[in-house]
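Read off the chains here:
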Amino acid sequence: MPDTFLPASSPLKFSMAPRKSEPQTTSCETINVSIIEPFALMSGALRMLVDTGSAMSVVSEHTNCAQFLELRGVVPHVLILHPLDDDPELETLIAKLPDLPTKVLVLTDNASIEKHLKLITRGVRGLVHKDRAGDTLLRAIQCIASGEVWLERGHLTSFVSQASARLSAPLPDSFEARYRALSPREKEIVRLLLEGLPNKQIAARMFLSETTIRHYFTAIFRKTEMKNRQELLVHAMKLRSHD
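This one's a predicted model, so the numbers in the text were calculated from it and none came from an experiment.

Another aspect to go through is the overall build of the protein. In terms of regular secondary structure, the protein is built from eleven helices and seven strands. Looking at the protein as a whole, 49% of its 243 residues qualify as buried. Considering only residue pairs separated by 6 or more positions, the protein has 70% of its internal contacts joining residues 24 or more positions apart. Carbon and sulfur atoms make up 55% of the accessible area of the protein, which totals about 11,600 Å².

On to the packing of aromatic side chains, then. Summed over the entire model, instances satisfying the criterion amount to two aromatic pairs. Both rings, one in Phe-175 and one in Tyr-179, keep their centres 6.3 Å apart while their planes meet at 25 degrees; by these two values the pair is stacked. Of this pair, Phe-175 and Tyr-179 both sit in helix α7 (residues 171–180), four residues apart, roughly one helical turn. The pair Phe-175 / Tyr-179 is uniform in exposure class, with both members buried.

Looking now at the nonpolar core. The biggest cluster of nonpolar side chains holds 22 residues, and the ones touching the most others in it are Ile-202, Phe-217 and Leu-232. Those elements giving two or more residues to this core turn out to be α7, α8 (184–194), α9 (199–206), α10 (210–224) and α11 (229–242). With residues near it in sequence (within four places) discarded, Ile-202 still touches Ile-189, Leu-192, Leu-193, Leu-197, Ile-213 and Phe-217.

Let us now look at helix α5 (residues 134–145). Compared with an ideal rise of 1.5 Å per residue, which puts twelve residues at 16 Å, α5 spans 17 Å between its outermost C-alpha atoms and is within 8% of the ideal. For α5, every residue scored as buried is listed here: Thr-136, Leu-137, Leu-138, Ala-140, Ile-141, Cys-143, Ile-144 and Ala-145. Residue Gly-147 follows α5 closely and has a positive phi angle near 100 degrees.

Analysis parameters
Residues numbered from 1 in each chain as written. Predicted model: local features only at pLDDT ≥ 70, side-chain atom pairs only at ≥ 80, totals over all residues. Heavy atoms only, no water. Helix = DSSP H or I, 4+ residues; strand = E, 2+ residues; numbered from the N terminus. Buried < 20%, exposed > 50% of the residue type's maximum accessible area, 1.4 Å probe, protein only. Contact = heavy atoms within 4.5 Å. Areas by Shrake-Rupley, 256 points an atom, 1.4 Å probe, with all protein chains shown as cover. Phe/Tyr/Trp six-rings, centres within 6.5 Å; stacked < 30°, edge-to-face > 60°. Core = buried A, V, L, I, M, F, W, Y, C linked by side-chain atoms within 4.5 Å. Expected span 1.5 Å × (residues − 1).

Listed below in structure tokens is the structure:
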């Protein structure tokens, strides 16, 4: 198998291994959604939109992060977050993301996109630009509720540029050598990851079970010394740009 990559699809959707505490959804299960939106008019509009979605329901609405952090008795699958810089508890919420069972989807705009992209490395599962149509938000909710990450092509390009700048030093001498040492089948799995395919579709392409694909990813993470799929994706895309 040649060491080549195909362009990632748009929008980017790729699977992540769920944390043990994460509430996973099935195709027939209602997706419980919470909203953090400081403006009542916007919050009401988001609630109406989500409630029109297939098998979705808004279970709580909050004007700031502190209110959400005090939520008890309800574990939403997805949190729609419209972050404001002057929210004193925003950093507290972001710091807790790795331990929260809820997956976070951030509403962003042109002025904030570069800053919000950094949140992907801290546990946010997706970004949706505020000028997108309502059905885009609903598809993003379904995507991250199923354990995937949602990034549009433009967001992905900026994200990779940011991450590559931080990770450029170790790549030529370490990741590239470790990647070249992968087996042909492991390289094929990385290539399919770069296409934005979730485990189920990767398994179908390779005529393997999803369990086998998960085992392959575990081996790939160990061999390349990557912590998760985001990190593997960033390094692999940069390597592709060098080839």
